[in-house]
Amino acid sequence: MKKNACLLYLLTIWTFFISCSAMASGLGVDDENPPAASPAVIYVLSMPEPQTHYFEVEMQLKNVAAATGSKKNGYIDIKMPVWTPGSYLIREYAKNVEGFTASAGGKSVVSDKVSKNTWRVYTGDDNLTVRYRVYANDLTVRTCFVDADHGYVTPAGTFMYHEALKDIPLRLVVQPYKTWKKVATGLAPVAGQEFTYEAPNLDILIDSPLEIGNHKTFTFTAAGVPHTVAMYGDVEYEEERLKADYKRICETAFSVVGEHPCKDYTFIVQHIPPGGGGLEHLNSTTLETNRNAYSTETNYKRFFGLVAHEYFHLWNVKRIRPIALGPFDYENENYTHMLWLSEGCTSFYGEYIQMRAGFYSPTDYLGLVANAITGIENQPGVRVQSVAESSWDAWIKGYRPNENSSNSTISYYSKGSVLGSLLNLAILAGSNGERSMDNLMRFLYTEYYKKQQRGFTDAEFRQAAEQTAGRKLDDFFAVGINSSEPINYNTYFEPVGMQLVNVAARTQDGFLGTATVYSNGKATVTGVRRGSAAYTSGLNVGDEIISVDSVRVTDDLLKLISGRRVGETINVIVNRAGFLREIPVTLTQNPLVSYRLEPLPNQTPAQKALYNKWLYIK
Ligand SMILES: [Zn+2]
């Protein structure tokens, strides 16, 4: 370790203890018999050889013997989280850990692993230091990465913890690679100490990713809150335009709840191919996009859709949350039925905010709502799984899709977004336009986040929704949330004078029901739609389609079927695991729908008024 680094630690620890003891004396403690010093944890994160994709972590534990019980037990258990909040999959971050060592009083201490993510260090000493390396070569918003250009830290995949020390203030000292000058994070900096941060507890440390390197930054103020945007990647953009549009989106999102709980907010934006997705945090977010994000109007709007979604999460899920989603259990799945609310309604708000901010016209917005309904109704899994089940099983199904997922599951994002639209309409209709989904969000924020400082149960959410709507929402919850039965959409659209119409042409063209990829002259089946001709006839995922009615298939299978009628039988030869099979397939009716929202004839003034309210038409 370098001398100046050592000095930095000493200074850090010293300042930290000064502030701890100042706090203690403030409580009127007798100076003659000072209490045992408070426990403290300091992490030092370095990356001296970034090109090898390793972070090095030093975790200093001070005055921990009493708090952790190590004095009595003779050992202390240090753990690595297995998942990161916002991404509902057990990721086993401990798989990237190597070179774990421990020392106390300058001497190395024996340790061993007692579970997949637990290291037991055999010491009862008050102070100890553990060190380990983290292999970081997976650049996503939920994993860790470091290379010769920059580093990205997902704290759950980087920092170990002790169960009894989750609620104490934690300190992080970052030592960027020698030529790197910047760190972007939502963590609070310690005044006067470069790259040194403090978190009031483990939850906040885990919820604050870091971008480290030489990224560009720009800042703007929205709703009175300073915002920083860290831009990683070689990308062209018009800074002033971006600033103005970020501000517009952030202030519109703010208007939903009307209170901003953050002192500051950080966007980490990584421009990398192929780029896609984001992850929400308490006062920051990481967005992944590509270098073409701002090159066309379509891409630009799509990117700001992601911005709106992730930003709105600072209210919905980070503060307005189901009871299971915080404080977190970092070692196990955290189950909830309400990801349709936390994710789906955030998607609903993403588009609604974009419309309210002028990115989309009301007509564009009607198209987005209709497309979302078309999307879910064309997925056979919508008749199999409810969104409540989809949410509960995110850990084993949503995040672990297979070739049959579209037949057996429905996304709590896409159906949840539709349900957000319907709940908004139900509240508007139930309250004669007096209230909307915004009022429900405000109530949940005020009552549960601010007043009771906890998440809400399924029953409490339902009660709040019905109270806001001013009526029972039996159909919404029984059919929309808890079943896979068809939703009667038009009961929701009728009060705003609209109707959902299926405009898909009903032809006699036969339908096969496969998804196919073509590569090197081979056509391989990648999906078989439940209930389709392919499904009932026994075409399988993985089959290579050799021919249809003796004609060789190399590129467009559908071209060969075009013109065939419903009820016609075609003869398909496939290569299945090296053996040829002949499969007769009788084509069925095309079941796909295509919805559009159209005005009802003879709209009443009340319907027109509610329509204007819904779409913010003045
Ligand atoms: Zn989300």
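For the structure, see preceding data.
The structure displayed is predicted, hence computed values, not measured ones.

What counts and what doesn't
Residues numbered from 1 in each chain as written. Predicted model: local features only at pLDDT ≥ 70, side-chain atom pairs only at ≥ 80, totals over all residues. Heavy atoms only, no water. Donors = N, O, S within 2.8 Å, 3.2 Å for Na, K, Ca; no water. Helix = DSSP H or I, 4+ residues; strand = E, 2+ residues; numbered from the N terminus. Buried < 20%, exposed > 50% of the residue type's maximum accessible area, 1.4 Å probe, protein only. Contact = heavy atoms within 4.5 Å. Polar contact = N/O pair within 3.5 Å; in protein donor to acceptor, adjacent residues only side chain to side chain. Expected span 1.5 Å × (residues − 1). Salt bridge = Lys/Arg side-chain N within 4 Å of Asp/Glu carboxyl O.

*Asks:* Outline the coordination of the zinc ion, listing residues and values.
*Replies:* Protein coordination at the zinc ion: the donors are His-309 (NE2), His-313 (NE2) and Glu-343 (OE), at 2.0 to 2.1 Å from the metal. Going along the chain, you hit the donors of the zinc ion in the pattern H-x3-H-x29-E. In this pair, His-313 sits in the loop between α6 (297-312) and α7 (339-356) while Glu-343 sits in helix α7, placing the two residues 30 residues apart along the sequence. Given a relative accessible area of 1%, Glu-343 falls into the buried group.

*Asks:* Go over the environment of Trp-83, please, and point to the residues and values.
*Replies:* Here Trp-83 lies in the loop between β3 (76-79) and β4 (97-104). The exposure class of Trp-83 is buried, given its relative accessible area of 0%. For the pair Trp-83 and Ala-94, spaced eleven residues apart in the sequence, the C-alpha separation amounts to 10.0 Å. Apart from the residues lying within four places of it in its own chain, the contact partners of Trp-83 are Tyr-88, Leu-89, Ile-90, Arg-91, Tyr-93, Ala-156, Phe-328, Asp-329, Tyr-330, Asn-332, Asn-334 and Trp-395. For Trp-83, the side chain forms a polar contact with the main-chain oxygen of Asp-329, separated by 2.7 Å. A distance of 3.3 Å separates a polar atom in the side chain of Trp-83 from the backbone oxygen of Asn-332.

*Asks:* Summarise α6; cite the residues concerned and give the values.
*Replies:* Look at α6: 22 Å from first C-alpha to last across 16 residues, which is about the 22 Å you get at 1.5 Å a residue. All of the buried residues in α6 are Tyr-300, Phe-303, Phe-304, Gly-305, Leu-306, Val-307, Ala-308, His-309, Glu-310, Tyr-311 and Phe-312.

*Asks:* Quick rundown of the pattern of salt bridges? Include the residues and the values.
*Replies:* Throughout the structure, instances matching the rule amount to 27 salt bridges. Among the ionic pairs, Asp-438 bridges to Arg-356, the shortest N-O distance being 2.6 Å. Residue Asp-438 is found in helix α13 (residues 437-451), and its partner Arg-356 is found in helix α7; the two are separated by 82 residues along the sequence. A relative accessible area of 5% places Asp-438 in the buried class. Linking Asp-549 and Arg-564 is a salt bridge whose minimum nitrogen-to-oxygen distance equals 2.8 Å. Residue Asp-549 is found in the loop between β25 (544-548) and β26 (551-552), and its partner Arg-564 is found in the loop between α18 (557-561) and β27 (569-576); the two are separated by 15 residues along the sequence.

*Asks:* Explain the environment of Trp-395 to me, and be specific about the residues and the numbers.
*Replies:* Within the secondary structure, Trp-395 is located in helix α10 (residues 394-398). Along the primary structure Trp-395 and Lys-116 are separated by 279 residues, whereas in three dimensions their C-alpha atoms are 18 Å apart. What Trp-395 contacts, discounting residues up to four positions off in sequence, is Trp-83, Tyr-88, Leu-89, Ile-90, Glu-333, Asn-334, Tyr-335 and Arg-400. A polar contact is formed between the side chain of Trp-395 and the backbone oxygen of Asn-334, at a distance of 3.4 Å.

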